[in-house]
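These are the residues of each chain, in order.
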Amino acid sequence: MALTISNIAMTAGFLLILIGLYGALTNRNILRMIVCFTVASTGVHVVLVAVGYLPGRTAPIMDAAVPVQEAAARIIDPVPQALVLTAIVIGVGITALMLAYAYKLYETKHTLDIGKYMELKW
Amino acid sequence: MIKRFLALLLLFGIGAIFITLLLGYTPDTELNLTARYYADHTAQDLGAANIITAIIVTYRGLDTLGEVTVLFLTAAIVGLVLAHNRQHSGAGQRELPPSGELLTTGSRLLVPLILLLGVYIFINGHLTPGGGFQGGAVIASAILLILLTEPTKRFSHRLIAALESISGLFFVVIGVFGIFLAGGFLDNRILPTGTVGALFSAGAIPIIYSFVGLKVGAEFSSMLANLSETEEP
């Protein structure tokens, strides 16, 4: 495996996903779990952007350095970037929802320890 | 202990999948068919310099409308979930220590500049790496700075809701204009596309993205206001 930019970025993204999942599975505190989920989703974003990267090319914005006629030969894939923009925005919304629910849970039991919530346990 | 072991086992499994994906991955050397179409046609057809903006606002405009709807739904649910304790905790506010001189003066200086930067980012969304979502987030960060300086400050929910619904309405109305004046829903060619790279170019893209920016800024601000208005029970 060559040490190219897209390989480094993809490895880092996969590592972030694993770190986030490990934290979400082992932590007991709901706030820490929420932070771990955001770390994992950042990892997914990094992997997606790395998939769209082509070696030696530049961002898909046309200006003096990237003339319109040469665009197809000079730019990287714009589709994953558009997808990641959407994913980031939805991720912010999901984080806000998780925080609001965490607040509601704290209000009912006065604790954020997930082990104290026994309602769904058998 | 057994739980931690199981978690590690699961992670090893997922990690093995990731490693196979990573070893089998070879980056493309050419753009694929979809990306090539966007690269070749964006400038001539839509007049936008930023291809990502063209994809988000025009080619996939309907998806963006859905995305903005999801965001609106999130803001509405956050408001709904946190609404109850606003009623009975309104009176008994606890005293907060005053925020420092640096924070107060700094936020007085920075808030207008941050707002200006947000507006700049979403007006130039078709030219620079920016756009409505980024600009809206920057505007909401100015609101966050105000809340940090003055945690008891209350924003008018009616104003935020009005701003949000009006920009959402204009977004859809401009999209419907596209059906009658151009090729279809959310087509940006209802206005002249102009020269690539000019501020007044790319048809309706800057206008739509400005409304998206206002809407996203209002939604994030309402989430921040709702979260800050919750008090210790």
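Worth saying up front: this structure is predicted, and the values here are computed from it rather than measured.

Colleague: What should I look at first to understand the overall build of chain A in this one?
Modeller: Secondary structure summary: chain A contains four helices and zero strands in total. Starting at the N terminus, the α and β elements of chain A follow one another as α-α-α-α. Here the C-alpha radius of gyration of chain A, 20 Å, is well above what a compact globule of 122 residues would show, namely 14 Å. Relative to all contacts within chain A whose residues are 6 or more apart in sequence, the contacts with residues 24 or more apart total 49%. For chain A, the distance from the average site of its 8 positive side-chain charges to the average site of its 6 negative ones is 13 Å.

Colleague: Looking at this structure, I do not really get the nonpolar core. What am I missing?
Modeller: Generally speaking, a soluble globular protein has its nonpolar side chains buried in company with each other. Among the nonpolar cores identified, the biggest contains 49 residues, and Ile56, Phe133, Phe171, Ile208, Tyr209 and Val212 of chain B are the most heavily contacted of them. Only helix H3 (71–74) and helix H4 (78–109) of chain A together with helix H2 (33–46), helix H3 (51–59), helix H4 (61–88), helix H6 (132–149), helix H7 (157–181) and helix H8 (205–229) of chain B provide two or more residues apiece to this core. When residues of this core are assigned to their parent elements, the largest contribution, eight residues, is made by H8 of chain B. Sequence-distant contacts of Phe133 of chain B, defined by excluding residues within four places in its chain, comprise Leu85 and Val89 of chain A together with Ile56, Thr64, Glu67, Val68, Tyr209, Val212 and Val216 of chain B.

Colleague: How should I be thinking about the interface of chain A and chain B in this particular structure?
Modeller: Accessible area lost upon the coming together of the parts is a frequently used measure of interface size. Every contact between the two is made by 46 residues of chain A and, on the other side, 53 residues of chain B. Of the roughly 4,300 Å² buried where chain A meets chain B, counting both sides, 77% is carbon and sulfur surface. For the pair chain A and chain B, the number of links is one salt bridge. Within the residue set of the side of chain A that touches chain B, elements represented by two or more residues are helix H1 (5–26), helix H2 (30–51), H3 and H4 of chain A. Counting residues per element, the side of chain A that touches chain B draws most heavily on H4 of chain A, at 17 residues. Looking at side-chain class alone, the side of chain A that touches chain B contains 33 nonpolar, eight polar and five charged residues.

Colleague: What is the right way to look at the environment of Thr105 of chain B in this model?
Modeller: Residue and element names in this part refer to chain B. The residue Thr105 is located in helix H5 (residues 101–123) in this model. Judged by relative accessible area, which is 40%, Thr105 ranks as partly exposed. Here the alpha-carbon distance between Thr105 and Phe122, two residues 17 residues apart in the chain, equals 27 Å. Of the polar contacts made by the side chain of Thr105, one reaches the backbone oxygen of Glu101; its length is 2.8 Å.

Colleague: Please clarify how the confidence of the model for chain B should be interpreted in this entry.
Modeller: Parts of the prediction with low pLDDT should not have their coordinates interpreted in detail. Overall, the prediction assigns chain B a mean pLDDT of 83, with 94% of residues at 70 or greater. Here the prediction assigns the complex a pTM of 0.83, and the interface score ipTM is 0.81.

Colleague: Can you walk me through H2 of chain B in this structure?
Modeller: Since one α-helical turn is 3.6 residues long, residues separated by three or four positions face the same way. Between its terminal C-alpha atoms H2 of chain B stretches 19 Å, which fits the 20 Å expected from 14 residues at 1.5 Å a residue. Considering bend angle alone, the principal kink of H2 of chain B is centred on Asp40 of chain B and spans about 35°. Against H3 and H4 of chain A together with H3 of chain B lie the buried residues of H2 of chain B. Directly beyond the C-terminal end of H2 of chain B, a positive phi value near 75° is found at Gly47 of chain B.

Colleague: I tried to follow the pattern of salt bridges on my own but got confused; where do I start?
Modeller: Two side chains carrying opposite charge are able to pair once their charged atoms lie near each other. One pass over the structure, following the stated rule, counts seven salt bridges over all chains. For the salt bridge of Lys109 of chain A with Glu119 of chain A, the shortest nitrogen-to-oxygen distance reads 2.9 Å. With Lys109 of chain A in helix H4 and Glu119 of chain A in the segment after H4, the pair connects residues that are ten residues apart, well separated along the chain. Given the relative accessible area of 34%, Lys109 of chain A is considered partly exposed. As a salt-bridge pair, Lys116 of chain A and Asp113 of chain A come within 3.6 Å of each other at their nearest N and O atoms. Bridged by salt links that share partners, the residues Arg57 of chain A together with Glu30 and Arg36 of chain B form one connected network.

Colleague: Looking at this structure, how should I read H3 of chain B?
Modeller: Residues and elements named next belong to chain B. Counting buried positions along H3 gives eight out of nine residues, so the element sits mostly inside the fold. Here H3 has its buried residues at Ile51, Ile52, Thr53, Ala54, Ile55, Ile56, Val57 and Thr58. N-capping of H3 is provided by Asn50, with a side-chain oxygen placed 3.1 Å from the backbone N of Ile52.

Colleague: Please clarify how a nonpolar patch on the surface should be interpreted in this entry.
Modeller: Residue and element names in this part refer to chain B. Taken together, the side chains of Leu62, Leu169, Val172, Val173, Val176, Phe177, Ile179, Phe180, Leu181 and Phe185 make up a nonpolar region of the molecular surface, amounting to roughly 950 Å² of accessible area. A total of eight residues in the nonpolar patch trace back to one element, the largest contributor, which is H7. Turning to its location among the elements, Val176 is positioned in helix H7. Judged by relative accessible area, Val176 falls into the partly exposed class, the value being 33%.

Colleague: What am I meant to see in the packing of H2 of chain A against H4 of chain A here?
Modeller: Packed helix pairs are specified by the crossing angle of their axes together with the interaxial distance, meaning the distance between the axes. Residue and element names in this part refer to chain A. Here H2 crosses H4 at 175°, and the two axes come no closer than 10 Å. Judged by the angle between their axes, H2 and H4 are roughly antiparallel. Of the residues in H4, those touching H2 at Ile30, Leu31, Ile34, Phe37, Thr38, His45, Leu48 and Val49 are Pro80, Val84, Ala87, Ile88, Thr95, Met98, Leu99, Ala102 and Leu105. Grouping the constituent residues of the contact of H2 with H4 by class yields 14 nonpolar, three polar and no charged.

Colleague: Help me understand the environment of Gly106 of chain B in this model?
Modeller: All names here are of chain B. With respect to the helices and strands, the residue Gly106 is situated in helix H5. Overall, the relative accessible area of 22% leaves Gly106 in the partly exposed class. For the pair Gly106 and Thr149, spaced 43 residues apart in sequence, the C-alpha to C-alpha distance is 9.3 Å.

Here is what the cut-offs are and how they apply
- Residues numbered from 1 in each chain as written.
- Chains lettered and ligands numbered in written order.
- Predicted model: local features only at pLDDT ≥ 70, side-chain atom pairs only at ≥ 80, totals over all residues.
- Heavy atoms only, no water.
- Helix = DSSP H or I, 4+ residues; strand = E, 2+ residues; numbered from the N terminus.
- Rg over C-alpha atoms; globule rule 2.2 N^0.38 Å.
- Contact = heavy atoms within 4.5 Å.
- Lys, Arg positive; Asp, Glu negative; His and termini not counted.
- Charge placed at Lys NZ, Arg CZ, Asp CG, Glu CD.
- Core = buried A, V, L, I, M, F, W, Y, C linked by side-chain atoms within 4.5 Å.
- Buried < 20%, exposed > 50% of the residue type's maximum accessible area, 1.4 Å probe, protein only.
- Buried area = accessible area lost by both parts, 1.4 Å probe.
- Salt bridge = Lys/Arg side-chain N within 4 Å of Asp/Glu carboxyl O.
- Nonpolar A, V, L, I, M, F, W, Y, C, P; charged D, E, K, R; others polar.
- Polar contact = N/O pair within 3.5 Å; in protein donor to acceptor, adjacent residues only side chain to side chain.
- pLDDT = per-residue confidence, 0-100.
- Expected span 1.5 Å × (residues − 1).
- Bend = angle between axes of the 7 residues up to and from the residue.
- Patch = residues over 30% accessible without salt bridge, like charges linked within 9 Å, V, L, I, M, F, W, Y side chains within 5 Å.
- Areas by Shrake-Rupley, 256 points an atom, 1.4 Å probe, with all protein chains shown as cover.
- Axes fitted to C-alpha atoms, helices over the stretch in contact; angles between N-to-C directions.
- Parallel < 35°, antiparallel > 145°, perpendicular 65-115°, else oblique.

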